[in-house]
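# Fold and geometry: a report
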Amino acid sequence: MPTKSERVTTLPAGLMPLLTMREMETYYGVSDWQILQWIKQGMPTAPFAGRQRRFDLAEVRAWMAGRDADSSAQLVAASA
């Protein structure tokens, strides 16, 4: 019988798993409170059956990049 580590398969190219809230906390190094604040500010969540939230990392990265660009533009406008 194969061991668990022998059953691991790689994901097809371009396919990313949906992350849990705890995995997002670990990825960004923040608390669950911060993740909830980002959700209130519009961070995208992926549809998922059940009560837990899931996150598509590519969508969240794009949202974060747009957010950073907006805050940079505000700083430039404020200094002009």
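Attention in this report is confined to the structure presented alongside it. (Residues numbered from 1 in each chain as written. Predicted model: local features only at pLDDT ≥ 70, side-chain atom pairs only at ≥ 80, totals over all residues. Heavy atoms only, no water.)

### As for helix 2 (residues 32-40)
The following threshold applies: Partly exposed residues are those whose accessible area sits between 20% and 50% of the maximum for their type, while under 20% is buried and over 50% is exposed, using a 1.4 Å probe and protein chains only. Only runs of H or I of at least four residues qualify as helices and only runs of E of at least two qualify as strands under DSSP, and these elements are numbered from the N terminus.
All of the buried residues in helix 2 are Ile35, Gln37, Trp38 and Ile39. Following helix 2 by one or two positions, Gly42 adopts a phi angle in the positive range, close to 115°.

### Points about the nonpolar core
In plain terms, the rule: What makes a nonpolar core is a set of buried Ala, Val, Leu, Ile, Met, Phe, Trp, Tyr and Cys residues whose side-chain atoms join them at distances within 4.5 Å. Should any heavy atoms of two residues lie within 4.5 Å, those residues are considered in contact.
Ranked by size, the top nonpolar core spans twelve residues in total: Leu19, Met21, Met24, Ile35, Trp38, Ile39, Met43, Phe55, Leu57, Val60, Trp63 and Met64. Within the residue set of this core, elements represented by two or more residues are helix 1 (21-28), helix 2 and helix 3 (57-79). No other element matches helix 3, which puts four residues into this core. The contact partners of Ile35, leaving out residues within four places of it in the chain, are Met21, Met24, Glu25, Val30, Met43 and Phe55.

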